Amino acid sequence: QVQLVESGGGLVQAGGSLRLSCVASGRIFSAYDMGWFRQAPGKEREFVAAIRWSGDSTYYADSVKGRFTISRDFAKNTVYLQMNNLRAEDTAVYYCAVGQRLSGNLATTGRYDYWGQGTQVTVSS
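In this text, all values refer to a predicted model and were calculated from it rather than measured experimentally.

(A) The state of the cysteines, seen in detail. Applying the stated criterion across every chain, the model contains 1 disulfide. Here Cys22 is linked by a disulfide to Cys96, with a sulfur-sulfur distance of 1.9 Å. Here the S-S torsion is close to 40 degrees, and the disulfide linking Cys22 with Cys96 is therefore right-handed. You can see Cys22 sitting in strand S3 (residues 18-26) and its partner Cys96 sitting in strand S9 (residues 92-99), a full 74 residues away along the chain. Residue Cys22 shares its accessibility class with Cys96, and that shared class is buried.

(B) View of the pattern of salt bridges. Under the counting rule described, the total for this entry stands at 7 salt bridges. Residues Arg67 and Asp90 are paired through a salt bridge, measuring 2.8 Å at the closest nitrogen-oxygen approach. Highlighted residues: Arg67 in the loop between strand S6 (58-60) and strand S7 (68-73) and Asp90 in the loop between strand S8 (78-83) and S9, separated in sequence by 23 residues. One continuous salt-bridge network, built from bridges that share partners, spans Arg38, Glu46, Arg67 and Asp90.

(C) Just the sheet that holds S8, in detail. Here 4 strands make up an open sheet; going across it, the order is S1-S3-S8-S7 and the pairing antiparallel. One side of each edge strand has no neighbouring strand; the edge strands of this open sheet are strand S1 (2-7) and S7. Ignoring strand direction, the axes of neighbouring strands in this sheet form an average angle of 15 degrees. Bridge analysis of S3 against S8 gives 6 bridges, and the strand direction is antiparallel. The residue bridging Leu20 from the neighbouring strand is Leu81, located in S8.

(D) Representation of the side chain of Arg38 in the model. Tracing the sequence through the fold places Arg38 in strand S4 (residues 33-39). One polar contact links Arg38 to Asp90, side chain to side chain, over a distance of 2.9 Å. A distance of 2.9 Å separates polar atoms of two side chains, one belonging to Arg38 and the other to Tyr94. Apart from residues no more than four positions distant in its own chain, Arg38 is found in contact with Glu44, Arg45, Glu46, Val48, Ser63, Val64, Phe68, Glu89, Asp90, Ala92, Val93 and Tyr94.

(E) Examining the pairing of S8 more closely. Within S8, 5 of the 6 residues are buried, leaving the element largely enclosed by the surrounding structure. Linking S7 back to S8 in an antiparallel pair, the connection comprises 4 residues, with Asn77 at a positive phi of about 50 degrees.

What counts, and at which threshold
- Residues numbered from 1 in each chain as written.
- Predicted model: local features only at pLDDT ≥ 70, side-chain atom pairs only at ≥ 80, totals over all residues.
- Heavy atoms only, no water.
- Disulfide = S-S within 2.5 Å.
- Helix = DSSP H or I, 4+ residues; strand = E, 2+ residues; numbered from the N terminus.
- Buried < 20%, exposed > 50% of the residue type's maximum accessible area, 1.4 Å probe, protein only.
- Salt bridge = Lys/Arg side-chain N within 4 Å of Asp/Glu carboxyl O.
- Pairing = 2+ DSSP bridges.
- Axes fitted to C-alpha atoms, helices over the stretch in contact; angles between N-to-C directions.
- Polar contact = N/O pair within 3.5 Å; in protein donor to acceptor, adjacent residues only side chain to side chain.
- Contact = heavy atoms within 4.5 Å.

Right, here's the structure in full:
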């Protein structure tokens, strides 16, 4: 089993920044893709960003391109999401996920095998 623990969420004013972290532990493969999704009240979970197992390819939703940056620290089994210029519409619970199959569309929830418990991000306007 794989455990994912997110941290770094909180309340921030519009235009501010937050950095989310997600640490993976347990029976995790040596190669795995990682992603961030978010879910606002009354809405479906949506893709935010992903990074390939090699670390050399990143993907972003159009709504966050140029504002969010995903990165990973292999030694620490950790993925980060740096969020700048936050907007009220970024308010949601943010989830990290691990995909160990190394194939498929990284922007879909079905691509991932394990999920964290989520961390709340609230942006006040």
